[in-house]
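Here are the chains, one letter per residue:
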Amino acid sequence: MAGASDLSQWEVDQTPQSSFEVNSPSEYFPGTVEPGLSERAVPMLPPPNPPEQLLPFYQLQKFQNIQEIQPKPLPDAFDPSSFRPVNSYLPPIGLHPRVYRNGLVEFYPWFGIAQSFDSNVNLVSANPVSDFYVTPRLGAELQVGTPDSTYNEFYDTILAMNVRYEAWADIFYENPQFSAFNQEVRFAGRVGRSGAIWRPSFTYSDITGSNLLMSELVNRTRRLTVNGEVLGQYQFTSVFGANQTFGYYQLDHPDPGYINYSVAKTRQELTWKVLDQMKVTAYGDYRYLDPAQGSLGSEVISGIGFYGEPTTRLYTELRIGYGEVMMDGSVPGRRNMSGLRFNGFTTFDWSPRFRLTFRYDRDYVLNEVNVNDNYVSTLLQLKGEIFLGGNWYVTPYLGCSTQDFETSQRLYLQVRPELEVAYALPGTYYPGDSKIFAKIGYMSSESLQGSGDPVVDWRLSVGFNCKF
């Protein structure tokens, strides 16, 4: 039976049980009778103060004692070698999933800087321009309510919101005409937490550049994108549910030499739960394609798929179907680009120190350069993350894509290997984002069919990122 000392300070007014023996009101201790005695009547003398002139020696002796200066471990410290659970809608990509502080309103600022060299800044096949450039960046993130995190099994709040803003500048040394200011805003919300959840999202970006990881962004130019979407997730029974998505995407170029376009889209999806963390799906997509120049059109996609966590070390997601493309007007040489469509990714914890991620995507894309010459892009990406110990990480990457064009009959192949070596800075909530890194990337684009000279580019970057 618990003793009287186990009662909390909020229970002092309660009457103790009859088996308890209360303290005598006239209780005495030796120290109250004669100064200098402890509770067990052992004489205690105060320690002598060291001479003032010896204080530096006491400090030196303290710093020489490794037990005095060794930092104490943080409670519930993040273990980078452990496996993490995965939920169906936000699987972690990387050895470190996002960790949020506990609180209804949390704010995370960050900053960083990188020094880079690019051998072909404007991605041309002849007379390339090479230059060094520096990229300072800063941003902030605001989280309100329970975040969408792999560490949350349940939602404590019906409403939640996450807002991110990042700004960075590319400042070129010898070719200032390529310098640019870039910014991006991301919003994601959640309404609901059980049988019905709605997830509105919005992204705006103003970015000038060419990206080694995306097949669409060739040539260095300024692009403004707006992407809005609402996803509804419904669970009707323990095994049967549905998802609905309505979205809009717009791409604008201040340079009149490029083609602006917009896409309105929707997805209707039925889901069946086949395992505890695994669902299969039947879906239908509709997209309305509206380029500023050239033919309007639409695409209808129907297919099946699955997503979830069949084992604790594997998350996989795949939607595969057939896309029927219908473009208006008669264009000489136009081929029917209907056919196979798929998208998704699989991430596997090979060991506590190695995670492998495989992304796959095949889609019909509007051309931003040539009128009515749209293409089907097949993009495969393989990313490995290796933890070497001692906060050191190596991240190899290989991307390969093909673009099969609609009217010019061209077929292009792009290959992008990349390697990053990073030292993770101390941190509990952003263990993989605060780091010192060195990265080298390469891109090769060549024509497998039709005209077109090869384009080659490689980049080297060193820098650091700090998140709080």
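For the structure, see preceding data.
Here's a quick rundown of the structure. (Residues numbered from 1 in each chain as written. Predicted model: local features only at pLDDT ≥ 70, side-chain atom pairs only at ≥ 80, totals over all residues. Heavy atoms only, no water.)

Focus: empty space enclosed by the protein
In step 1: Overall, the coordinates contain one cavity of 30 Å³ or more when judged by the stated rule.
In step 2: Taken as a whole, the largest cavity encloses approximately 50 Å³ of empty space.
In step 3: Together, Ile259, Pro291, Gln293, Gly294, Ser295, Met327, Asn367, Asn370, Val371, Asn372 and Asn374 line the largest cavity.
In step 4: A breakdown of the residues in the lining of the largest cavity according to their chemical character gives four nonpolar, seven polar and no charged. (1 Å grid on protein atoms, 1.4 Å probe; cavity = no way out; pocket = protein on both sides within 12 Å on 5 of 7 lines; lining within 4 Å. Points joined across faces, edges and corners; volume = space filled by probe spheres on them. Nonpolar A, V, L, I, M, F, W, Y, C, P; charged D, E, K, R; others polar.)

Things to note about a nonpolar patch on the surface
In step 1: On the surface, a nonpolar cluster with roughly 780 Å² of combined accessible area is contributed by Leu388, Trp392, Leu419, Val421, Ile440, Tyr442, Val456, Trp458 and Leu460.
In step 2: Contributions of two or more residues to the nonpolar patch are made by strand E16 (411-424), strand E17 (435-449) and strand E18 (455-467).
In step 3: Broken down by element, the residue count for the nonpolar patch peaks at three residues, all from E18.
In step 4: Secondary-structure assignment places Val456 in strand E18.
In step 5: When its relative accessible area of 40% is taken as the criterion, Val456 is described as partly exposed. (Patch = residues over 30% accessible without salt bridge, like charges linked within 9 Å, V, L, I, M, F, W, Y side chains within 5 Å. Areas by Shrake-Rupley, 256 points an atom, 1.4 Å probe, with all protein chains shown as cover. Salt bridge = Lys/Arg side-chain N within 4 Å of Asp/Glu carboxyl O. Helix = DSSP H or I, 4+ residues; strand = E, 2+ residues; numbered from the N terminus. Buried < 20%, exposed > 50% of the residue type's maximum accessible area, 1.4 Å probe, protein only.)

Considerations on the environment of Gly399
In step 1: Within the fold, Gly399 resides in strand E15 (residues 392-405).
In step 2: As for Gly399 and Arg416, which are separated by 17 residues in sequence, their C-alpha atoms are 4.9 Å apart.

A closer look at unusual backbone geometry
In step 1: Unlike most non-glycine residues, Leu123 shows phi in positive territory, near 50 degrees.
In step 2: One can find Leu123 in the loop between strand E1 (105-118) and strand E2 (131-144).
In step 3: Taking relative accessible area as the criterion, Leu123 reaches 9% and is therefore assigned buried.
In step 4: A positive phi angle, near 50 degrees, is found at Asn127, a position not held by glycine.
In step 5: Within the secondary structure, Asn127 is located in the loop between E1 and E2.

A short note on the nonpolar core
In step 1: If you look at the biggest cluster of nonpolar residues, it comprises ten residues: Leu251, Tyr261, Val263, Leu289, Val325, Met327, Met337, Tyr364, Leu366 and Val376.
In step 2: When contributions to this core are tallied by element, the ones reaching two or more residues are strand E8 (261-275) and strand E11 (314-327). (Core = buried A, V, L, I, M, F, W, Y, C linked by side-chain atoms within 4.5 Å.)

Comments concerning the side chain of Glu420
In step 1: Tracing the backbone shows Glu420 in strand E16.
In step 2: Only 3.1 Å separates the side chain of Glu420 from the side chain of Lys435, close enough to count as a polar contact.
In step 3: Once residues within four sequence positions are removed from consideration, Glu420 is found in contact with Tyr393, Val394, Thr395, Lys435, Phe437, Ala438 and Lys439. (Polar contact = N/O pair within 3.5 Å; in protein donor to acceptor, adjacent residues only side chain to side chain. Contact = heavy atoms within 4.5 Å.)

A look at the side chain of Lys435
In step 1: Its location among the elements puts Lys435 in strand E17.
In step 2: Residue Lys435 is classed as buried on the basis of its relative accessible area, which comes to 18%.
In step 3: With residues near it in sequence (within four places) discarded, Lys435 still touches Glu420, Ala422, Tyr423, Ala424, Leu425, Gly463, Phe464 and Asn465.

A word on the pattern of salt bridges
In step 1: All told, the structure shown has 21 salt bridges when counted by the stated rule.
In step 2: One salt bridge connects Asp118 with Arg459, and the closest N-O pair in it is separated by 2.7 Å. You can see Asp118 sitting in strand E1 and its partner Arg459 sitting in strand E18, a full 341 residues away along the chain. Arg459 shares its class with Asp118; the two are buried.
In step 3: With its nearest N and O atoms 2.7 Å apart, the salt bridge here joins Arg335 to Asp404. Placement of Arg335 in the loop between E11 and strand E12 (339-351) and of Asp404 in strand E15 is noted, with a sequence separation of 69 residues between them.
In step 4: Assessed through its relative accessible area of 26%, Asp404 is described here as partly exposed.
In step 5: Connected via shared salt-bridge partners are Arg287, Glu299, Arg341 and Asp363.

Purely geometric numbers; function is a separate question.
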